[in-house]
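Structural description and commentary
Single-letter residue listing:
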Amino acid sequence: MRIAILKGKGIIAPHVTDDYFNAFKELEHDVLLVNIDQEFGIRDYQAILDFKPQFILAYGYVGITRDTNGRFLWREEGIPLVCLHYDNPLFSLNDQFLNEFKEFPSFYYHFVWDNYCEKFMREAGISNIYPIMLATNPNKFYTDTNIVTQENELAFVGSIKTVQPSTNLQHLEQQFIDHAIKQKINNFNVPLFDVCMDALSNPKFQPIQLLYKDHSEVFWKNIYYSIHSRGSSIFRKHVLGSLRGVDMHVYGTQEQLNESTIVRTAVPYNELSMTYQKHAVNLNISSLQLETSVNNRVFDVFASKGFVLSDYKKDMERVFPGVWEAITFQDLNDLLIKADYYLTHKKERDELVAELYNHILEEHTYKHRATEILNVISLNDSPRDNVQKRSSDQKEQYKEPMESCPICDGDDYTQLYKILGHRQFETNLHRCTACGGVFMDPQPTEEYLNWFYQNIYYSEDHRKKMGWDTEISNVTSGMLRSYEMRMDLVESFADQTRFPRGTLLDIGCSTGHFLAEAQFRYWSVQGIEISESAANEGRKKYGLNVVTGEINDDIFENESFDVVTAWDVLEHIPTPHAFMKNIKRVLKKDGLFVANTPNVNSSASFHSGSKWRHLDPPLHVILYDHISLRILMKMHGFEILKISSGPEYLGQLQIIAKKTIN
């Protein structure tokens, strides 16, 4: 992929931009970095056009480029723009930008770090919005074994500005700002926006309420931004000044906050990782614009194998499921208790650091975030034709709206999410109240799915986008081990004394690696695969008998297989009853059906929410849990021998069932 990145001014923004540049490079994409911290000139413009990027990425609205006539140049050139909103986007939103986003939504991808900000943008009429967190760059934040951690020391690294007294306390706007800051200090864990809304209910501030209602852009820029910029320093001083009796190193201020404060100069960005490792406990006190989100300090400290206590934000529950309470404080008393505990309990602190260090590197680097962005953007469409293409393809892609649950035929269900998937396929995900299954509505047409599997699924672009090996014939030791475990599962329920073993059909056999493992164990194997390119690979590499297509009434003789397997296939099947009917038809008496599928009611799904990787339109049309999968099996006369979480990935569901009724 070709990606152009525009780098502008700022304190953190340039570093975040560099981190994305390096992340896309690590993912083996062609990336052009254009530094526009001074100005954007004709040479920069021409360099980007010559590069022919498939999209442009920039921090906030930095990438919005207009000519002297006010035209939005990238949209005119047919190049989509990715806006990374790691600040409140309403601070800089103007009418021109808003009208552009509304009129040409497909050219602008808004990745927003805070749930409240996402809500504000949607209320303003902006679409094409996706949640994204901050992250860390392990090449910048890493452990240095030469650094000795100073026990019994607290540290805070961050901006604390000198705050001048209010100059006009009689001015109603200033009174509102001071009131909101005071209320926020008294309510640590309440988002600033909620504090403001509560204050607006006070009759004294009715004019401010009318301002928010009728001229919200003025409220955001003149009042809310002032609360954030002024209040963040006041809030931090209040918290830090309350900590006494322990060495408190404060980097980035000239003020002596109390007798325990050791004032330090600001830390250069390239020395942050070392600083985090010097002190036993680092504090994170977020700026007030963060309503629910987590700033980069939290990710960076743990990536450095340092320890951090953070003020509570809702997203801490998502980033650190299971341990977030141990590393957050919700008021001063909570902070004092936890700071004292971790300063005097090195073993417990080190255990947490070891666990969370691995967690951050496995899930929260900029490489992960870059992959999230690529998963959203369709890199196969012509950007210039994107808007027209989506509307013209609408009838070919989508079936009619669902009238009932495709598993149990229930007509009572609730919407979970609205998801934009591959190639701009947008759909709703509904949960059936009767069986618990989750299904797309609308579903993709069979023709569109077939086209997707034939042309996109195994393509180099799609495999890069998903983070897979671009060479479909490659097989890793981890993959081989998973195929062994799958056959171990099959054979643990099959006749252990029979030789040769029997007949086995693998549905959705892909390139045939699992079938090869079964064949090595003396099974007579048969495969069926929808993708011709994948099926051909299995035929060439292993000499397998693979049919191209989907299982139906005309393929395979009745009662011809002892075992039918379907690995990560059920979630792709839009008509599960026709599918199970044919499996039952081709199985011999007492034959086994062995499968796995993502568990939509797993802890992994719960903690990931709408970002769970198995919510994957247009591919994963139906998702099951323990109950809905049991219901499907029982409806087709299968006896369930085992249903449990599988060992291959978090949130997996495995099932072994026996055909009992003809």
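Residues numbered from 1 in each chain as written. Predicted model: local features only at pLDDT ≥ 70, side-chain atom pairs only at ≥ 80, totals over all residues. Heavy atoms only, no water.

1. Observations concerning the pairing of strand 5 (residues 108-112)
By the criterion of burial, strand 5 is predominantly enclosed, with five of the five residues buried. Side chains Y108, H110 and V112 of strand 5 all project onto a buried face; the interleaved residues Y109 and F111 project onto the opposite face, where all are buried too. Pairing of strand 4 (residues 81-85) with strand 5, which is carried by five bridges, proceeds in the parallel orientation. Looking at strand 5, one finds that C83 is bridged to H110. Read from strand 4 through helix 4 (residues 95-103) to strand 5, the crossover connection turns out right-handed. The sheet contact formed by strand 5 and strand 6 (residues 129-131) spans three bridges and is parallel. (Buried < 20%, exposed > 50% of the residue type's maximum accessible area, 1.4 Å probe, protein only. Helix = DSSP H or I, 4+ residues; strand = E, 2+ residues; numbered from the N terminus. Pairing = 2+ DSSP bridges. Right-handed = clockwise from strand over helix to strand, strands pointing away.)

2. Some thoughts on the nonpolar core
In terms of nonpolar packing, the biggest core is built from 132 residues, with Y20, F24, F176, L283, F320 and I373 touching the most fellow members. Tallying contributions element by element places helix 9 (residues 216-241) first for this core, with eight residues. Look past the residues within four positions of I373 in its chain and what remains in contact with it is Y20, F55, L57, V82, L84, F111 and I132. Counting residues in hydrophobic clusters, the runner-up holds 59 residues, among them I407, L429, I622 and I643. (Core = buried A, V, L, I, M, F, W, Y, C linked by side-chain atoms within 4.5 Å. Contact = heavy atoms within 4.5 Å.)

3. Quick look at unusual backbone geometry
Note: most peptide bonds trans; most residues except glycine with negative phi. Note that the residue after D441, namely P442, is joined by a cis bond; omega there is 5°. Locating P442 in the fold gives a position in the loop between strand 15 (438-441) and helix 18 (446-455). A cis amide bond links F499 with the next residue in sequence, P500, at an omega value of -5°. For D409, which is not glycine, the phi torsion reads 70° and is therefore positive. Along the polypeptide, D409 turns up in the loop between helix 17 (394-397) and strand 13 (413-420). Residue D409 is classed as exposed on the basis of its relative accessible area of 56%.

4. A few points about the packing of helix 1 (residues 13-26) against helix 15 (residues 366-376)
Viewed as axis vectors pointing N to C, helix 1 and helix 15 meet at an angle of 75°, and their least axial separation amounts to 8 Å. Comparing the axis directions of helix 1 and helix 15 gives the class roughly perpendicular. Together, V16, D19, Y20, A23, F24 and E26 of helix 1 and Y366, K367, R369, A370, I373 and L374 of helix 15 make up the contact between the two elements. Classifying every residue of the contact of helix 1 with helix 15 gives eight nonpolar, no polar and four charged. (Axes fitted to C-alpha atoms, helices over the stretch in contact; angles between N-to-C directions. Parallel < 35°, antiparallel > 145°, perpendicular 65-115°, else oblique. Nonpolar A, V, L, I, M, F, W, Y, C, P; charged D, E, K, R; others polar.)

5. Remarks on the sheet that holds strand 15
The strand order across the open sheet built from four strands is 13-14-15-21, with neighbouring strands paired in antiparallel fashion. With partners counted over all chains shown, the strands left at the sheet margins are strand 13 and strand 21 (622-623), one partner each. Summarising the sheet, strand 13 and strand 14 (residues 426-432) pair through seven bridges and their orientation is antiparallel. Opposite Y417, over in strand 14, you have L429 as the bridge partner.

6. Here's the deal with the confidence of the model for the protein
Taken residue by residue, the protein gives an average pLDDT of 90. The fraction at 70 or more is 96%. pLDDT under 50 marks residues 379-395. Its contacts with residues more than four places away, or in other chains, come to 31 contacts. (pLDDT = per-residue confidence, 0-100.)

7. Focus on the sheet that holds strand 23 (residues 652-659)
In a beta sheet, neighbouring strands pair by backbone hydrogen bonds and run either parallel or antiparallel. Strand order in the open sheet formed by seven strands is 18-17-16-19-20-23-22, with mixed pairing between adjacent strands. The sheet is open, and its two borders are formed by strand 18 (546-548) and strand 22 (638-644), each paired with just one other strand. Neighbouring strand axes in the sheet, compared pairwise and without regard to direction, differ in orientation by 15° on average. The pairing of strand 17 (residues 523-529) with strand 18 spans three bridges and is classified as parallel. The residue of strand 18 that forms the bridge with E529 is T548.

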